[in-house]
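# Understanding the architecture of this molecule
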Amino acid sequence: MESNKATVLSKAKLASLLTTDFIGRELVEIYKEIDSTNLRARELGLKGEKEGALIVTETQTAGRGRLGRVWHSPAGLNLYFSILLRPGIPSEEIPLITLFAGLGIAEAVGKVTGITPDIKWPNDLLLNGRKIAGMLAEMEFQPPDDPVVVLGIGLNVNMPPDKLPEDLSKTAGSLLIATGREWDRHVLLAEILKGIEANYMELTSGGVAGLLERYRDVCFTLGAKVKMSKGADIVVGTAVDVDQMGQLVVKRDADGILESFNAGETTIIKPGRKK
Ligand code: BT5
C-alpha cells in the first residue's frame, strides 16, 4: 500500500505491475507537472506517435473537462492520465470508447478496493453520490482518414476533503473519502489500464453488443428520471436505454416520445435503481 502521500509515480514501478498488451508498453511519459495530459497526448498523436502511448502527471496546471471546464488536479494525490488511441471503427461509434472505458475503470477500481463506483452516463464515476472520476475523449482526424483519439482520465484517489475547492466540496469525492484509507496509485493505474484495454479491444473487434449489455447492467442513469440539457433546451423524462452509438435514449414526460442524446448535461432527478 502507498503509505504516504509523498510517494511519487514511477515508470519502473508501473512497468513492474503492468499486464496490458499495448497501452503503456512503448511510450510512457510521467510528468511532475504539465498543462494537460490530453494536450500532450494530442501533440504526440499529431506527430504520428503509435497507439498506446501513455501520459501521466502528478498535477496539471490546465486540466480540462468538457466544454472548457476545469479539472481540479492537486499534486501527488490522484491519477491524471491520457492514452493515445487510433481506433479503426466508424466515427459514430467513437463515443462508445468513453462509455466502455468508464466500465473498465469502474470494474478495475472494484477489483482493487472492493467497492465499485456507479457509472453516470456518459462520463462520470461516482461513489456515494460524489464524483470521483471523469473521462474526456477528444478526437482529431489525420489525413486521409485516420482518427486519433485521446482518452483522458482523472481519478481522485488519495485526495482528502480539505483539498477540495469550495465549489466541489459537496459534489466531488475520492477513494480516500469513500473508504477512509489511502490506495496505491500504481496498482490502481495498472489495473485500470488493463480494464480499459480489454474493453477497447473488444469494441474494436466488433464486440459492441456484449459491452453494451454489461454497460446497461451497471449504468445507474438507466431507469432514472432525468433532466437533459442540450444547449438552451431542457427535456425531462425517463432514461430508458443506451443505444448502439452510446446515446442516451430518454422517454419524454411531456409527450412520451423517445429522444436520443449524444452529449449535454444529465441531471438525475430521481434514481431508477437501488445502489
Ligand atoms: C470530465 O469533464 O469529467 C472530464 C475530466 C477529465 C480530466 C482528465 S485528467 C487527465 C486528462 N487531462 C485533462 O486535461 N483532462 C483529462 P466534465 O464532465 O466537464 O466535468 C467537469 C466538472 O467536474 C467541473 O466543472 C467540476 O464541476 C467537476 N470537477 C472538476 N474537477 C474535479 C475533480 N477533481 N473531482 C471531481 N469533480 C471535479
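Residues numbered from 1 in each chain as written. Predicted model: local features only at pLDDT ≥ 70, side-chain atom pairs only at ≥ 80, totals over all residues. Heavy atoms only, no water.

## Quick look at the overall build of the chain
Under the convention used in this document: A run of H or I in DSSP counts as a helix once it spans at least four residues, and a run of E counts as a strand once it spans at least two, with each numbered from the N terminus. It is over C-alpha atoms that the radius of gyration is taken, and the globule rule equals 2.2 Å times the number of residues to the power 0.38. What makes two residues a contact is simply this: any of their non-hydrogen atoms within 4.5 Å. Accessibility throughout is a Shrake-Rupley quantity obtained with a 1.4 Å probe, and a residue counts as covered only by protein chains that appear here. Working convention for charge: Lys and Arg count positive, Asp and Glu count negative, and His plus the chain ends are omitted. Lysine's charge is taken at NZ, arginine's at CZ, aspartate's at CG and glutamate's at CD.
From N to C terminus, the chain includes 6 helices and 12 strands. The C-alpha radius of gyration of the chain comes to 18 Å, within 12% of the 19 Å expected for a compact globule of 275 residues. Projected onto the principal axes, the alpha-carbon positions of the chain cover approximately 55 × 50 × 30 Å. Considering only residue pairs separated by 6 or more positions, the chain has 65% of its internal contacts joining residues 24 or more positions apart. If you sum the accessible surface of the chain, you get close to 12,400 Å²; carbon and sulfur atoms cover 53% of it. When the 33 basic and 36 acidic side-chain charges of the chain are each reduced to a single mean position, those positions are 5 Å apart.

## Regarding helix 5 (residues 185–204)
Put simply, the test is: How far a helix is expected to stretch is found by multiplying one less than its residue total by 1.5 Å. Polar contact criterion, stated in full: a pair of N or O atoms within 3.5 Å, where within protein one must be able to donate a hydrogen and the other to accept it, and residues adjacent in sequence count only if both atoms are side-chain atoms.
Taking 1.5 Å as the rise per residue, helix 5 with 20 residues should run 28 Å; its terminal C-alpha atoms sit 28 Å apart, in good agreement. N-cap assignment for helix 5: the residue whose side-chain oxygen lies 2.8 Å from the backbone N of H186 is D184. Phi for G206, located one or two positions after helix 5, is positive at around 90°.

## Concerning the site of the ligand
Put simply, the rule reads: Residue proximity to a molecule or strand is established when one non-hydrogen atom of the residue lies within 4 Å of it.
Looking at the ligand, there are 25 residues lining it, with S36, R64, R69, K131 and N156 nearest. At 2.7 Å from an oxygen atom of the ligand is found a side-chain nitrogen or oxygen belonging to S36. Between the ligand and Q60 there is a distance of 2.9 Å, counted from a nitrogen atom to a side-chain nitrogen or oxygen. Look at the ligand: alone it shows 790 Å² of surface, and the protein chains cover 90% of it. Of all the secondary-structure elements, those providing two or more residues to the shell around the ligand are helix 2 (37–46), strand 3 (79–85), strand 6 (130–142) and strand 7 (146–155). No other element matches strand 6, which puts 4 residues into the shell around the ligand.

## Comments concerning the confidence of the model for the chain
How we decide: The score called pLDDT rates the predictor's confidence residue by residue, from a low of 0 to a high of 100.
When the pLDDT values of the chain are averaged, the result is 93; 95% of them are 70 or greater. Confidence over residues 1–5 falls short of pLDDT 50; this stretch has 16 contacts with residues more than four positions distant or in other chains.

## Points about the packing of aromatic side chains
Stated precisely, the cut-off is as follows: We call Phe, Tyr and Trp rings a pair once their centres come within 6.5 Å, taking the six-membered ring for Trp, and we label the pair stacked below 30 degrees between planes, edge-to-face above 60, and tilted otherwise. A ring is scored as having a charge over it whenever the NZ atom of a lysine or the CZ atom of an arginine sits within 6 Å of its centre and within 35 degrees of its normal.
Inspection of the entire model under this criterion finds 2 aromatic pairs. Of note, R181 hangs over the ring of W183, and the distance from its end group to the ring centre comes to 3.4 Å. One Lys or Arg, K230, reaches over the ring of F261 and ends 4.8 Å from the middle of that ring.

## Side note on the environment of E191
You can see E191 is positioned in helix 5. Residues E191 and V112, spaced 79 residues apart in sequence, show a C-alpha to C-alpha distance of 7.7 Å. Residues within four places of E191 in sequence aside, it is in contact with A108, K111 and V112.

## A closer look at the side chain of N156
Note the following rule: Note on exposure labels: buried denotes an accessible area under 20% of the residue type's maximum, exposed denotes more than 50%, and partly exposed covers the range between, all computed with a 1.4 Å probe on protein chains only.
Looking at the element boundaries, N156 is found in the loop between strand 7 and helix 4 (175–179). Take N156: its relative accessible area is 4%, and that puts it in the buried class. Engagement of the side chain of N156 in a polar contact is seen with the backbone oxygen of G173, the distance being 2.9 Å. Those residues in contact with N156 that lie beyond four places of it in its chain are W71, N78, K131, I132, G173, S174 and L175.

## Let's talk about the packing of helix 3 (residues 95–113) against helix 6 (residues 208–218)
Definition in use: Axes here mean lines fitted to C-alpha atoms, for a helix over just the part in contact, with angles spanning 0 to 180 degrees between N-to-C directions. An angle below 35 degrees is read as roughly parallel, one above 145 as roughly antiparallel, one from 65 to 115 as roughly perpendicular, and any other as oblique. Rotating anticlockwise by less than a right angle from the far helix to the near helix defines a left-handed crossing, while the corresponding clockwise rotation defines a right-handed one. The residue classification treats Ala, Val, Leu, Ile, Met, Phe, Trp, Tyr, Cys and Pro as nonpolar and Asp, Glu, Lys and Arg as charged. All others, Gly included, are polar.
Taken N-terminus to C-terminus, the directions of helix 3 and helix 6 make an angle of 60°; their axes are 10 Å apart at the nearest point. Put simply, helix 3 runs oblique to helix 6. Every pair of crossing elements has a handedness; the one defined by helix 3 and helix 6 is left-handed. Facing L96, L99, F100, L103 and E107 of helix 3, the residues of helix 6 in contact are V208, L211, L212, R214, Y215 and V218. Residues of the contact of helix 3 with helix 6, tallied by class, amount to 9 nonpolar, no polar and 2 charged.

## Some details on the nonpolar core
This is how it is decided: In these notes, a set of buried Ala, Val, Leu, Ile, Met, Phe, Trp, Tyr and Cys residues joined through side-chain atoms within 4.5 Å is what counts as a nonpolar core.
Counting residues in each nonpolar core, the largest one holds 61 residues, and the members touching the most others are F81, I97, F100, W121, I196 and Y215. Tallying contributions element by element places helix 3 first for this core, with 10 residues. In this structure, F81 is in contact with T37, L54, I55, V56, L151, G152, I153, L189, I192, L193 and I196, ignoring residues within four places of it in sequence. Counting residues in each nonpolar core, the second largest holds 7 residues, with A41, A53, L84 and V150 among its members.

## A look at the pairing of strand 2 (residues 54–57)
The cut-off we apply is this: In short, DSSP must find at least two bridges between two strands for them to pair. Orient the strands so they point away from the viewer, and a crossover whose first-strand-to-second-strand path over the helix runs clockwise is right-handed.
What you see with strand 2 is no split at all: L54 and V56 on one side and I55 and T57 on the other are buried throughout. Examined bridge by bridge, strand 1 (residues 28–31) and strand 2 share 4 bridges and lie parallel to one another. Among the inter-strand pairings, E29 is bridged to a residue of strand 2, identified as I55. You can see the chain leave strand 1, run along helix 2 and come back into strand 2, and the turn it takes is right-handed. As paired elements, strand 2 and strand 3 share 4 bridges and run antiparallel to each other. Counterpart to L54 in the pairing with strand 3 is I83.

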